[in-house]
Amino acid sequence: GAGVSQSPRYKVAKRGQDVALRCDPISGHVSLFWYQQALGQGPEFLTYFQNEAQLDKSGLPSDRFFAERPEGSVSTLKIQRTQQEDSAVYLCASSPVQRESSEQFFGPGTRLTVL
Amino acid sequence: AQSVTQLDSHVSVSEGTPVLLRCNYSSSYSPSLFWYVQHPNKGLQLLLKYTSAATLVKGINGFEAEFKKSETSFHLTKPSAHMSDAAEYFCVVSGDSGGYQKVTFGTGTKLQVIP
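Reading the values: rules and limits
- Residues numbered from 1 in each chain as written.
- Chains lettered and ligands numbered in written order.
- Predicted model: local features only at pLDDT ≥ 70, side-chain atom pairs only at ≥ 80, totals over all residues.
- Heavy atoms only, no water.
- Contact = heavy atoms within 4.5 Å.
- Buried area = accessible area lost by both parts, 1.4 Å probe.
- Salt bridge = Lys/Arg side-chain N within 4 Å of Asp/Glu carboxyl O.
- pLDDT = per-residue confidence, 0-100.
- Helix = DSSP H or I, 4+ residues; strand = E, 2+ residues; numbered from the N terminus.
- Buried < 20%, exposed > 50% of the residue type's maximum accessible area, 1.4 Å probe, protein only.
- Pairing = 2+ DSSP bridges.
- Disulfide = S-S within 2.5 Å.

A. The interface of chain A and chain B, seen in detail. Contacts between the two partners involve 24 residues from chain A and, on the opposite side, 23 residues from chain B. It is Glu100, Glu103 and Phe106 of chain A that lose the most area in chain A upon contact with chain B, and together they represent 29% of the buried surface on that side. There are one salt bridge connecting chain A and chain B. Residues lysine 102 of chain B and aspartate 56 of chain A are paired through a salt bridge, measuring 2.8 Å at the closest nitrogen-oxygen approach.

B. Broad picture of the confidence of the model for chain B. Put simply, chain B has an average pLDDT of 92, and 98% of its residues get 70 or more. When pLDDT is averaged over each helix and strand of chain B, the minimum, 84, is found for strand S11 (residues 100-105) of chain B and the maximum, 98, for strand S3 (residues 19-21) of chain B.

C. Structural context of the pairing of strand S8 (residues 64-68) of chain B. Residues and elements named next belong to chain B. Of the two faces of S8, the one holding Ala65 and Phe67 is buried and the one holding Glu64, Glu66 and Lys68 is not buried anywhere. Bridging between strand S7 (residues 56-58) and S8 involves three bridges; their strand directions are antiparallel. Paired with valine 57 across the two strands is alanine 65, which belongs to S8. Note: S8 against strand S9 (residues 73-78), five bridges, orientation antiparallel. Directly across from glutamate 66, in S9, lies its bridge partner histidine 75.

D. Broad picture of the state of the cysteines. On inspection of all chains with the given rule, the structure shows two disulfides over all chains. Here cysteine 23 of chain A engages in a disulfide with cysteine 92 of chain A; their sulfurs sit 1.8 Å apart. On the S-S bond that ties cysteine 23 of chain A to cysteine 92 of chain A, the torsion sits near -65 degrees, and the link is left-handed. One end of the pair, cysteine 23 of chain A, is in strand S3 (residues 19-24); the other, cysteine 92 of chain A, is in strand S9 (residues 88-95), with 69 residues separating them in the sequence. Residue cysteine 23 of chain A shares its accessibility class with cysteine 92 of chain A, and that shared class is buried. Through a disulfide, cysteine 23 of chain B is tied to cysteine 91 of chain B; the S-S separation comes to 2.0 Å. On the S-S bond that ties cysteine 23 of chain B to cysteine 91 of chain B, the torsion sits near -65 degrees, and the link is left-handed. Pair noted here: cysteine 23 of chain B is in strand S4 (residues 23-27) and cysteine 91 of chain B is in strand S10 (residues 87-97), with a separation of 68 residues, a long-range link.

This is the structure in structure tokens:
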């Protein structure tokens, strides 16, 4: 069956450009998470959606980062005026229910390189 | 508040010998605990999870982990390493934070298997 998909898989941006990263979760999944994974590090939480509601954005590193999930399915993570420190793999994950025991299903990630 | 510590950033074992990847957690409530594996250029995959049922949890590919509340540990083990086990392993703690799932990843342990 279809898993979580992310696009683009690779993105190269010049410093100062805006980028938009897309996540298509598994159909029907309530919860959606975004993570940032720097080279050699574990995933760091960015933000969480329950359906269309963004319940936690405490991990967003600055106001240049913005995420949305307007219809409770596809989500977009937008980074404005990219900086070199934004270079990382951005992971999206979804889970079927909102429960602390729920497994997350991860997409392949988008590797962002800011030059 | 919750946190997770993976005590070894790198572990190297010979093929056919046991594997031990160590994880300690901190949580102000009874959390769920997970181990995920990330093969190079592949997405994160769930190995196993603990959700307050049996303390010894069996996962895929012969891995298992034991939840020890008194030691706040959730170490991952496998009796005999295979070459295909070479990957990065993440310990994850998940708890209920004001009605939604809060997830924290460890920094990862890279497992090397020597032929």
